[in-house]
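Here are the chains, one letter per residue:
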Amino acid sequence: AAAKAADAAGPPTEDRLGKLLPMRRLGRTGEWVTVFGFGGSHMIHAGQSNAQSAELLEVALEEGVRFFDTAQQYGNGESERRFGKFLTPKYRDVIYLMTKTQARERGRALRDMDECRQRMNVDVIDLMQIHHIHNPEDVDNLVDNGVVDVLLEAREQGKIRHLGFTGHDTPKAHLRMLERLDQMGVDFDTVQMPMNVVDPNYESFIVEALPKLLEKDYAVLAMKTLAFGHLIGQNNGWTRGRKIAPPVVPERMTLAEALGFVWSMPISTLISGTPTVEMLRENIAIARQHQDLPEDARLALVDKAAEF
């Protein structure tokens, strides 16, 4: 009922801070979120100071971003702490706030339900996701060890509003999580997964997982749209050594095309970590100007990236 009411009303276009980025429906939740989401990992992983983090958050808000992503893992809670210092005290009423737990057993999950809220200085988290499910076996272990039960309990207690899960490695993990949730007779609300122009050519989240998620009216949160910078000839991630892939952008397509490929699919938001204000403004400008690409144009981009 909430989702139908939100659809009927349509998305807001501004709030007390000013004009918003375009907004999309967040699956069955009845919420609207901005098409660009601020990724909290890059706010701290390159050694940004408190002042630099605060500036990134202020610029994102100024540019109309209202979806903010972080996780317990990022800097061992430091990203959450900076949200709690620079974001939530002044802006909690206008943002959609998400974090993640890497817990694989009940006790750790219970602690995260409280510690994440304390670090971010909030009573209620809008979205809590199980972080980085690796494979079907990992899914079975965390379900059997009570992690899903803890999230369901926390939602019932009002500590969190919506539930989801994320994964980087294989869509098989995502499909197994859907199976286990079905067996429990419950649904989550969101799924976060890699989506980019290279993905359709290798064990594809877009081909294998996306249709199943849309059937169940999950909100799809896209990440790794530039593959941690590899698509632009950089390596902006961690635990990847010195390997740098040949660049797709700009050799095969523009940055706007690479990002627009993903925005042209039925996602709710594209989450991007941008360690500098310049990169942040550039990505947001592309989001603001985006027009959905037709299917033939999307397929042409997939072909251009196939060799990578």
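Predicted model, so just to flag it, every value in this text is computed and none were measured.

(A) The overall build of the chain, seen in detail. Summing up its helical and strand segments, the chain has twelve helices and twelve strands in all. A globule of 308 residues ought to have a C-alpha radius of gyration of about 19 Å, and the chain, at 18 Å, matches this closely. Oriented by its inertia axes, the alpha-carbon framework of the chain measures out at about 50 × 45 × 40 Å. When the 308 residues of the chain are sorted by exposure, 54% land in the buried category. A separation threshold of at least 6 residues defines the contact pool for the chain, and within that pool the share at least 24 residues apart is 76%. Of the roughly 13,100 Å² of accessible surface on the chain, 49% is carried by carbon and sulfur atoms. Averaging the coordinates of the 36 positive side-chain charges in the chain and doing the same for the 44 negative ones gives two points 3 Å apart.

(B) Here's a closer look at the nonpolar core. Of all hydrophobic cores here, the largest spans 85 residues; its most connected members are Phe38, Phe68, Ile130, Phe165, Phe188 and Met195. Membership of the second largest hydrophobic core comes to nine residues, among which are Val33, Met98, Ala219 and Ile271.

(C) Examining the pairing of strand S7 (residues 96-101) more closely. With six of six residues buried, S7 lies mostly within the body of the structure. By the alternation rule, side chains of S7 split into Tyr96, Met98 and Lys100 and Leu97, Thr99 and Thr101, which are all buried. Inspection of the sheet shows strand S6 (residues 67-69) paired to S7 by three bridges, in the parallel sense. By the bridge assignment for S7, Phe67 is matched with Tyr96. Handedness of the β-α-β unit built from S6, helix H3 (residues 78-91) and S7 comes out right-handed. Where S7 lies against strand S8 (residues 125-130), four bridges are found, and the strand directions are parallel. Each residue of the ladder has a partner; that of Thr101, found in S8, is Ile130. In the classification by handedness, the crossover that spans S7, the intervening helix H4 (residues 106-120) and the parallel S8 is right-handed.

(D) A look at the side chain of Gln72. Tracing the sequence through the fold places Gln72 in the loop between S6 and H3. According to the relative accessible area criterion, Gln72 is buried, its value standing at 15%. Residues within four places of Gln72 in sequence aside, it is in contact with Gly77, Glu80, Thr99, Lys100, Asp112, Cys116 and Arg119.

(E) Representation of H4 in the model. Across its 15 residues, H4 extends 21 Å between first and last C-alpha, which sits within 8% of the 21 Å expected from 1.5 Å per residue. The largest bend along H4 reaches roughly 30° and is located at Asp112. For H4, the complete set of buried residues consists of Ala109, Asp112, Met113, Cys116, Arg117, Arg119 and Met120. On its buried side, H4 packs onto H3, S7, S8, helix H6 (147-156) and strand S9 (160-166).

(F) Geometry of the packing of H4 against H6. At a closest axis distance of 8 Å, the pairing of H4 and H6 adopts a crossing angle of 30°. One way to sum up the angle between H4 and H6 is to call them roughly parallel. Between H4 and H6 lies a crossing of right-handed hand. Where H4 approaches H6, its residues Arg106, Ala109, Leu110 and Met113 are matched on the opposing element by Val147, Asp149, Val150, Leu151, Glu153 and Ala154. Considering only residue class, the contact of H4 with H6 consists of seven nonpolar, no polar and three charged.

(G) Spotlight on the packing of helix H2 (residues 50-62) against H3. Put simply, H2 and H3 touch, their axes get as near as 10 Å, and they point 50° apart. Regarding the angle of H2 to H3, the classification is oblique. The two elements H2 and H3 meet at a crossing, and its hand is right-handed. Here Asn50, Ser53, Ala54, Leu57, Glu58 and Leu61 of H2 lie close against H3, whose contacting residues are Glu78, Arg82, Phe83, Lys85, Phe86, Leu87, Lys90 and Tyr91. Split by residue class, the contact of H2 with H3 holds seven nonpolar, two polar and five charged.

(H) Region of interest: helix H11 (residues 277-289). Look at H11: 18 Å from first C-alpha to last across 13 residues, which is about the 18 Å you get at 1.5 Å a residue. Among the residues of H11, Val277, Leu280, Asn283, Ile284, Ile286 and Ala287 are the ones counted as buried. Turning to H11, the residues buried within the fold contact strand S5 (36-39), H2, helix H10 (255-263) and strand S12 (269-272).

(I) Looking closely at unusual backbone geometry. In this model, Val249 is joined to Pro250 through a cis peptide bond whose omega is 5°. Inspection of the secondary structure assignment puts Pro250 in the loop between strand S11 (219-223) and H10. At Asp217, a position not held by glycine, the phi torsion is positive, near 60°. Here Asp217 falls in the partly exposed class, since its relative accessible area comes to 26%.

(J) Local environment of the pairing of S8. Among the six residues that make up S8, six are buried, leaving the element largely enclosed by the rest of the structure. Pairing between S8 and S9: five bridges, direction parallel. Across the sheet, residue Leu127 finds its bridge partner in S9, namely His162.

Thresholds, definitions, all that
- Residues numbered from 1 in each chain as written.
- Predicted model: local features only at pLDDT ≥ 70, side-chain atom pairs only at ≥ 80, totals over all residues.
- Heavy atoms only, no water.
- Helix = DSSP H or I, 4+ residues; strand = E, 2+ residues; numbered from the N terminus.
- Rg over C-alpha atoms; globule rule 2.2 N^0.38 Å.
- Buried < 20%, exposed > 50% of the residue type's maximum accessible area, 1.4 Å probe, protein only.
- Contact = heavy atoms within 4.5 Å.
- Areas by Shrake-Rupley, 256 points an atom, 1.4 Å probe, with all protein chains shown as cover.
- Lys, Arg positive; Asp, Glu negative; His and termini not counted.
- Charge placed at Lys NZ, Arg CZ, Asp CG, Glu CD.
- Core = buried A, V, L, I, M, F, W, Y, C linked by side-chain atoms within 4.5 Å.
- Pairing = 2+ DSSP bridges.
- Right-handed = clockwise from strand over helix to strand, strands pointing away.
- Expected span 1.5 Å × (residues − 1).
- Bend = angle between axes of the 7 residues up to and from the residue.
- Axes fitted to C-alpha atoms, helices over the stretch in contact; angles between N-to-C directions.
- Parallel < 35°, antiparallel > 145°, perpendicular 65-115°, else oblique.
- Left-handed = near helix turned anticlockwise from the far one by under 90°.
- Nonpolar A, V, L, I, M, F, W, Y, C, P; charged D, E, K, R; others polar.

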